[in-house]
Amino acid sequence: MKTIAVLPAGSVSDEAVKRLFAGEEMKWEHHRLIADVFMSTVNSVSDYSVVPIENTIEGSVNLHVDWLVHEVDLPIQAEWVYPSIQNLIGRRSEAASEEGGIDFSKIKKVMSHPVAIAQCLQFLRSRLPHAEIETVGSTSEGVKIVKDNPDAGWAAIGTMTAASNNGLDVLSQGITDHDNNYTRFLLVGSEPFTVRKSDKQKTSILITLPEDYPGALHQVLAAFAWRKINLSKIESRPTKKKLGNYYFYIDIEMALDTVLLPSALEEIEALGCQVRILGSYPSFTYEQLL
Ligand SMILES: O=C(O)C(=O)Cc1ccccc1
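Reference entry: report on the structure contained in this document. Keep in mind the model is a prediction, meaning the values are calculated, not measured.

What counts as what
Residues numbered from 1 in each chain as written. Predicted model: local features only at pLDDT ≥ 70, side-chain atom pairs only at ≥ 80, totals over all residues. Heavy atoms only, no water. Buried < 20%, exposed > 50% of the residue type's maximum accessible area, 1.4 Å probe, protein only. Helix = DSSP H or I, 4+ residues; strand = E, 2+ residues; numbered from the N terminus. Pairing = 2+ DSSP bridges. Phe/Tyr/Trp six-rings, centres within 6.5 Å; stacked < 30°, edge-to-face > 60°. Lys NZ or Arg CZ within 6 Å of the ring centre and 35° of its normal. Near = heavy atom within 4 Å. Polar contact = N/O pair within 3.5 Å; in protein donor to acceptor, adjacent residues only side chain to side chain. Areas by Shrake-Rupley, 256 points an atom, 1.4 Å probe, with all protein chains shown as cover. Axes fitted to C-alpha atoms, helices over the stretch in contact; angles between N-to-C directions. Contact = heavy atoms within 4.5 Å. Arc of directions from axis to C-beta.

**Digging into the pairing of strand 9 (residues 154-158)**
At step 1: For strand 9, the buried fraction is high: four of the five residues fall into the buried class.
At step 2: Pairing of strand 6 (residues 87-90) with strand 9 involves three bridges; the strand directions are antiparallel. Bridging across to strand 9, Asn-87 finds its partner in Gly-158.
At step 3: Across three bridges, the pairing between strand 7 (residues 109-112) and strand 9 is parallel. For Lys-109, the partnering residue across the bridge sits in strand 9 and is Trp-154.

**Describing the packing of aromatic side chains**
At step 1: For the coordinates displayed, the defined rule picks out eight aromatic pairs.
At step 2: Ring geometry for Phe-38 against Trp-67: centres 5.6 Å apart, planes inclined by 10°, an arrangement best described as stacked. With Phe-38 in helix 2 (residues 34-42) and Trp-67 in helix 3 (residues 62-71), this pair connects stretches of sequence that are 29 residues apart. Trp-67 carries the same exposure label as Phe-38, and that label is buried.
At step 3: Ring centres of Tyr-82 and Tyr-286 lie 5.7 Å apart, and the angle between their planes is 90°; this geometry places the pair in the edge-to-face category. Placement of Tyr-82 in strand 5 (residues 76-83) and of Tyr-286 in the segment after strand 15 (274-284) is noted, with a sequence separation of 204 residues between them.
At step 4: You can call Tyr-286 buried: its relative accessible area is 18%.
At step 5: Through pairs of rings, three or more aromatic residues link up here, namely Phe-21, Trp-28, Phe-193 and Phe-284.
At step 6: It is Lys-18 that lies over the ring of Trp-28; its NZ or CZ is 5.2 Å from the centre.

**Focus on the site of the ligand**
At step 1: Around the ligand, a shell composed of 14 residues is seen, among which Ser-11, Val-12, Ser-13, Ser-138 and Thr-139 lie nearest.
At step 2: A distance of 2.7 Å separates an oxygen atom of the ligand from a polar atom in the backbone of Val-12.
At step 3: Between Ser-13 and the ligand, the recorded distance is 2.6 Å, taken from a side-chain N or O atom to an oxygen atom.
At step 4: In isolation the ligand has 320 Å² of accessible area, and contact with the protein removes 99% of it.
At step 5: Contributions of two or more residues to the shell around the ligand are made by helix 1 (12-20) and helix 5 (114-119).

**Remarks on the sheet that holds strand 9**
At step 1: Judged by pairing direction, the sheet is mixed, and its five strands sit side by side in the order 8-7-9-6-10 without closing on themselves. Among the strands making up the open sheet, the edge pair consists of strand 8 (132-135) and strand 10 (169-172). Taking each pair of neighbouring strands and ignoring which way they run, the sheet shows an average axis angle of 35°.
At step 2: The strands touched by helix 7 (residues 139-148) are strand 6, strand 7 and strand 9; relative to strand 9, the strand with the most contacts, the crossing angle is about 155°.

**Observations regarding helix 10 (residues 260-270)**
At step 1: Among the residues making up helix 10, those that are buried are Leu-261, Ala-264, Leu-265 and Ile-268. Viewed end-on, helix 10 has its buried residues packed into an arc of 95°, placing them on one side of the element. Exposed residues on helix 10 whose side chains face more than 90 degrees from its buried face are Glu-266 and Ala-270.
At step 2: Looking at the buried residues of helix 10, the elements they touch are strand 12 (201-208), helix 9 (216-225), strand 14 (246-252) and strand 15.
At step 3: Gly-272 sits one or two residues past helix 10 and shows a positive phi near 100°.

Next up, the structure:
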């Protein structure tokens, strides 16, 4: 049986991976921080790590991209999309207004994962401008802290699952600033993912351009363009070695063994670029997993 390292029970990641492996017997290993999730797979304690990598509202989760790129060498084996529905969770008894609704002014502090906070900024600004905001390792950790601190006037942003796991109330439901809030997750580890098949395959690569080569990025893009290879993402991130030095993270809508892709990568290497392959893997929409 495979072991999967993931953020704590009731986190968005935990809900999301249970959807990917629905119907399968798996061993779950929960960790407080994404760093511990990754290290468990690096140390072969688990077979796969679950990594929330990009969100409709927040864009790339840079901390997680950086772990994937700089700290570990774990190939991507699958990606899938899962909705992040966030809720304000606490105790109704602590935040009740005289009319029986919620008196948000009674909530002194709100805790959550930084990505969840970023997804709900307008809600926080309009309803809870007075509240202290505290970031924690996951949405479910915030909910657990609220549970462990009755009468503190604290609330957390998290999933309905975390609210019911901890016997807390949903004070406000669906509080993200935009609807259609989805998160893209990666499954990383050394073994291929074989549980489901998808007709959509992707390949993720990192490209570092040679220095002092004007137009190098244009040449890289041309190598894909004339072969009609579709890219679904290109993002620059600092190499962390020198200010102003970047690598490009590129998602390609094609499996690595598709005829045209190896020759495009050879052409790019011939330009003097460094190419690192992060993985070639099946991609699942949310609808495919229902
Ligand atoms: O903290 C969680 O629940 C996570 O799984 C990380 C996260 C937070 C917000 C949106 C998607 C994933």
